[in-house]
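Residue strings, one per chain:
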Amino acid sequence: MMTYIVFILSVIFVVSFVGFSSKPSPIYGGLVLIVSGGVGCGIIMNFGGSFLGLMVFLIYLGGMLVVFGYTTAMATEQYPEVWVSNTTVMGVFLLGLLMEVMLVLYVLKSEEVGVVFKFSGVGDWAIYDTGDSGVFSEEIMGVAALYSYGAWVVIVTGWSLFVGVLVILEVTRGD
Amino acid sequence: MNPLIFTTILMTVLLGTMIVMMSSHWLMIWIGFEMNLLAIIPILMKKYNPRTMEASTKYFLTQATASMLLMMAIIINLMHSGQWTIMKVFNPTASIIMTSALAMKLGLTPFHFWVPEVTQGISLTSGLILLTWQKLAPMSILYQISPSINLNILLTMAVLSILVGGWGGLNQTQLRKIMAYSSIAHMGWMTAVLAYNPTLTMLNMLIYIMMTLTMFMLFIHSSSTTTLSLSHTWNKTPLTTTLILITLLSMGGLPPLSGFMPKWMIIQELTKNSSIILPTLMAIMALLNLYFYMRLTYSTSLTMFPSTNNMKMKWQFETKRITLLPPLIVMSSLLLPLTPMLSILD
């Protein structure tokens, strides 16, 4: 099972995405976002990116999702939608699940899957080595590169986040 | 809105488009689009009534979907070519997805449904920014990937846009919806020639922006958003009726006004490439556009539109000072003799 752990985690990832895109109440969307965040962290860690995985847990789940959860809890309604409460939501969820199950069976059974890319069975997901970059770990080099060569990206994304806050305040301010 | 915040947000809209036009890395282009989208939402929502909020929400949803499709095309391109540099797209699937994403951002058919509704729900100045500045960034990306766009899809979208832009505008009396349908039709003309000679796309974009700026500023000057309201300009500023006449006929593509230049060049370029039926169809469908422009000029400048006597006086606080209106009017009507200079756009 450990050979195919990335495949299993990816399937759980997609299923939790189906879970929140079938639009239950935001509280339940946040719940599956936690699951998908944790599973995504697992996928990244299997590729050797322990730092990025921990950042997902700390910043994404522990920062952004906590704020999201608190604001949603303040704005919640008396009878929030669950996946089984509304026929439409349940129908969409089951449809997404069905498509994922069919895709997984297709990948497991056949030798080559060519949806947009060509995967040769489940073997393509198994990790044999984490890249032959020698002594250094790739993901730490990536973070280092972000702050040296990628200074412009940091400036642009920092400005985008700042303007995002300005925009949110402006939109919710009203008259 | 607080002037400082407004300036910051407006500068961010400009910065977003500049980042899209200047970058050579696909990820930065996507970041530029997102920054542009995020910052224009409060500009669309300048007045806080349910109409503007609904229009901003519709704009946000369609543009966010288009950005998602763009990101997917970028990643497929990365998987198949192994590099992030913007040049022609290496995979047909990625090219089709990217063309659809950029068509959604521009408002080409079959993704045109948001343009009239969003333009109608927002104020005239916001509509001006929406229909002119926001078209620059997607068009620049289309220009850069033009060698690899699937010609069938591009020409189908272009011809259908010209048809929808002309046909859909026929039943409109609201000026913002008329400008929205005119924008759809002009985008169709621009993308039709994209695969043959992208310089003409840029020429058409330039002249379209000048003419649309002029039209919107004339509407802002007379504070009119309906045909009926526009038909009272003879009472307020009789000169603007003539200017509206000239600019609208230029938008319709009549010689000897400058709106004729892009249409003439595009038809010439298409016929040089041995497609005869396509430019004929496009020219015929541009007549639909001309019809509703002429209806506007008829009710505004050529007749005194029937209205009750107490509606003839228009109420305003003070004369609006419109920047750059005279040069824009001159440029949007008298540029035709400068056609040989379009070689500088290369």
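Residues numbered from 1 in each chain as written. Chains lettered and ligands numbered in written order. Predicted model: local features only at pLDDT ≥ 70, side-chain atom pairs only at ≥ 80, totals over all residues. Heavy atoms only, no water.

**Regarding the environment of Y79 of chain A**
All names here are of chain A. Mapped onto the elements of the fold, Y79 is located in the loop between α3 (50-74) and α4 (87-109). Judged by its relative accessible area of 69%, Y79 is exposed. When the C-alpha positions of Y79 and F68 are compared, they lie 19 Å apart, and in sequence the two are 11 residues distant. (Helix = DSSP H or I, 4+ residues; strand = E, 2+ residues; numbered from the N terminus. Buried < 20%, exposed > 50% of the residue type's maximum accessible area, 1.4 Å probe, protein only.)

**Thoughts on the nonpolar core**
Residues and elements named next belong to chain B. By size, the foremost hydrophobic cluster in this structure holds 105 residues, and its most contacted members are W26, Y59, M98 and M282. Sort the elements by how many residues they give to this core and helix α10 (residues 198-221) lands first, with 14 residues. Non-local contacts of M282, meaning those with residues more than four positions away in its chain, are made with V159, I162, W189, A192, I266 and L270. (Core = buried A, V, L, I, M, F, W, Y, C linked by side-chain atoms within 4.5 Å. Contact = heavy atoms within 4.5 Å.)

**Notes on the side chain of N36 of chain B**
All names here are of chain B. Inspection of the secondary structure puts N36 in helix α2 (residues 26-44). On the basis of relative accessible area, N36 is assigned to the buried category, the value being 3%. What N36 contacts, discounting residues up to four positions off in sequence, is V13, G16, T17 and Q134.

**Section: the UniProt feature "transmembrane region" (unreviewed entry) in chain A**
Residues and elements named next belong to chain A. If you check UniProt for "transmembrane region" (unreviewed entry), the listed places come out as residues 5-21, 27-44, 51-71, 83-108 and 146-169 in our numbering. Spanning residues 83-108, this segment combines 85% helix with 0% strand, and its end C-alpha atoms are found 28 Å apart. Counted over residues 146-169, helix gives 92% and strand 0%. Its end C-alpha atoms are 29 Å apart. (UniProt positions renumbered as here; feature names shortened; annotations may be inferred.)

**Things to note about the domain arrangement of chain A**
Residues and elements named next belong to chain A. With domains assigned, chain A is organised as domain 1 (2-130) and domain 2 (137-174). Taken together, the contact between domain 1 and domain 2 spans 6 residues of the former and 5 residues of the latter. A buried area of about 320 Å², summed over both sides, lies between domain 1 and domain 2, and 62% of it is on carbon and sulfur atoms. Counting every contact that joins domain 1 to domain 2 gives 0 salt bridges. (Domains from an automatic or database assignment. Buried area = accessible area lost by both parts, 1.4 Å probe. Salt bridge = Lys/Arg side-chain N within 4 Å of Asp/Glu carboxyl O.)

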